[in-house]
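What follows is the residue order along each chain.
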Amino acid sequence: MFESGAFVGEYLNPITGSQRQPNGVDLTAAAIYEQTTAGRIGRGGKTIGDRQEVDADDGVFRLDPGAYILQYAETVQIPAGHVGFIYPRSSLMRNSCMLHTAVWDAGYEGKGEGLLEVHHGIEIENGARVGQLVFAEADHETTYDGDYQGERTG
Ligand SMILES: O=c1ccn([C@H]2C[C@H](O)[C@@H](COP(=O)(O)OP(=O)(O)OP(=O)(O)O)O2)c(=O)[nH]1
């Protein structure tokens, strides 16, 4: 079962009323990066490639088609008994862009990232709502304790 937006909203900070949706909570864009060097996914470890931040011109990211890493502004906690997923805001998708998600594990806390695919040039205001976080109930034996725990919370 998916939780209500009111439930998800208890686990986000900061949050304003306009972010709460019936079935989830909208997340906003804080920073956008282009990857500049190759990363590596190994059998025993991984490396994230270097990145260059996209400047917000007068508070607006003007993006050409391509792949970008987007950092969310909100600190998210994934409560025990749940797993999180991000869906793009429909208006983003209707503008030929897609925001992808990996699995947000129970116990994770931090300001996470998503892959933003831009198939047609778009302008995104810094702080604009771009994606929606939903929580599904999920069994788990452990909680998240990986390299990204606590990212950008300091
Ligand atoms: O789209 C997503 C999905 C997940 N996360 C956060 C929450 C998740 O709990 C954490 C770690 O994800 P994952 O377990 O997939 O990372 P990993 O590549 O396996 O690395 P590690 O084992 O170091 O955690 O990253 C995001 O920021 N964006």
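Residues numbered from 1 in each chain as written. Predicted model: local features only at pLDDT ≥ 70, side-chain atom pairs only at ≥ 80, totals over all residues. Heavy atoms only, no water.

S.K.: Explanation requested: the site of the ligand in the structure shown.
M.R.: Close to the ligand lie 14 residues; Lys 46, Ala 102, Asp 105, Glu 113 and Tyr 144 are nearest. Residue Glu 113 places a main-chain N or O atom 2.7 Å away from a nitrogen atom belonging to the ligand. A distance of 2.3 Å separates an oxygen atom of the ligand from a polar side-chain atom of Tyr 144. Taken by itself the ligand offers 590 Å² of open surface, and the protein chains cover 72% of this. A majority-of-atoms criterion places the ligand in the largest pocket. Considered class by class, the residues forming the shell around the ligand number six nonpolar, three polar and five charged. (Near = heavy atom within 4 Å. Polar contact = N/O pair within 3.5 Å; in protein donor to acceptor, adjacent residues only side chain to side chain. Areas by Shrake-Rupley, 256 points an atom, 1.4 Å probe, with all protein chains shown as cover. 1 Å grid on protein atoms, 1.4 Å probe; cavity = no way out; pocket = protein on both sides within 12 Å on 5 of 7 lines; lining within 4 Å. Sits in = over half its atoms within 2 Å of the grid points. Nonpolar A, V, L, I, M, F, W, Y, C, P; charged D, E, K, R; others polar.)

S.K.: I tried to follow the pattern of salt bridges on my own but got confused; where do I start?
M.R.: Oppositely charged side chains are able to pair whenever their charged atoms sit close together. Tallying each qualifying case throughout the model produces seven salt bridges. Arg 51 serves as the salt-bridge partner of Glu 113, at 2.8 Å between the closest nitrogen and oxygen. With Glu 113 in strand β12 (residues 113–118) and Arg 51 in strand β5 (residues 51–53), this residue pair connects regions lying 62 residues apart in the sequence. Residue Glu 113 is classed as partly exposed on the basis of its relative accessible area, which comes to 27%. The class for Arg 51 is partly exposed, based on a relative accessible area of 30%. (Salt bridge = Lys/Arg side-chain N within 4 Å of Asp/Glu carboxyl O. Helix = DSSP H or I, 4+ residues; strand = E, 2+ residues; numbered from the N terminus. Buried < 20%, exposed > 50% of the residue type's maximum accessible area, 1.4 Å probe, protein only.)

S.K.: Looking at this structure, I do not really get the layout of surface pockets. What am I missing?
M.R.: The probe, sized like a water molecule, is rolled over the atoms to show the empty space still left. In this structure, the largest pocket occupies an estimated 620 Å³ of space. For the lining of the largest pocket, the secondary structure elements donating two or more residues are β3 (40–41) and β12. At three residues, β12 tops the list of elements feeding residues into the lining of the largest pocket. Looking at the lining of the largest pocket, its residues break down into 10 nonpolar, eight polar and six charged. (Points joined across faces, edges and corners; volume = space filled by probe spheres on them.)

S.K.: Explain the packing of aromatic side chains to me, please; I cannot follow it from the model alone.
M.R.: All chains considered together, the criterion is met by six aromatic pairs. Three or more aromatic residues joined by ring pairs form one cluster here, namely Tyr 72, Trp 104, Tyr 108 and Tyr 144. For the cation-ring pair, Arg 51 lies above Tyr 33, with the distance from its terminal atom to the ring centre recorded as 5.7 Å. (Phe/Tyr/Trp six-rings, centres within 6.5 Å; stacked < 30°, edge-to-face > 60°. Lys NZ or Arg CZ within 6 Å of the ring centre and 35° of its normal.)

S.K.: I'm lost on the pairing of β12 in this one. Help?
M.R.: Of the two faces of β12, the one holding Gly 114, Leu 116 and Val 118 is buried and the one holding Glu 113, Leu 115 and Glu 117 is not buried anywhere. Strand direction decides the pairing type here: strand β7 (residues 66–72) and β12, joined by six bridges, are antiparallel. Of the residues in β12, the one forming a bridge with Gly 66 is Val 118. Examined bridge by bridge, strand β10 (residues 97–100) and β12 share four bridges and lie antiparallel to one another. (Pairing = 2+ DSSP bridges.)

S.K.: When you look at unusual backbone geometry in this model, what are you seeing that I'm missing?
M.R.: Negative phi values dominate among residues other than glycine, just as trans dominates among peptide bonds. Cis geometry is found at the peptide bond from Asn 13 to Pro 14, where omega equals -5 degrees. Structurally, Pro 14 is set in the loop between β1 (12–13) and β2 (25–35). Its identity as a non-glycine residue notwithstanding, Ser 96 has a phi of 65 degrees, on the positive side. For Ser 96, a relative accessible area of 36% corresponds to the partly exposed category. Of note, the phi angle at Arg 152 is positive, near 50 degrees, even though the residue is not glycine. Residue position: Arg 152 is located in the segment after β14 (129–137). Residue classification places Arg 152 among the partly exposed positions, given a relative accessible area of 35%.

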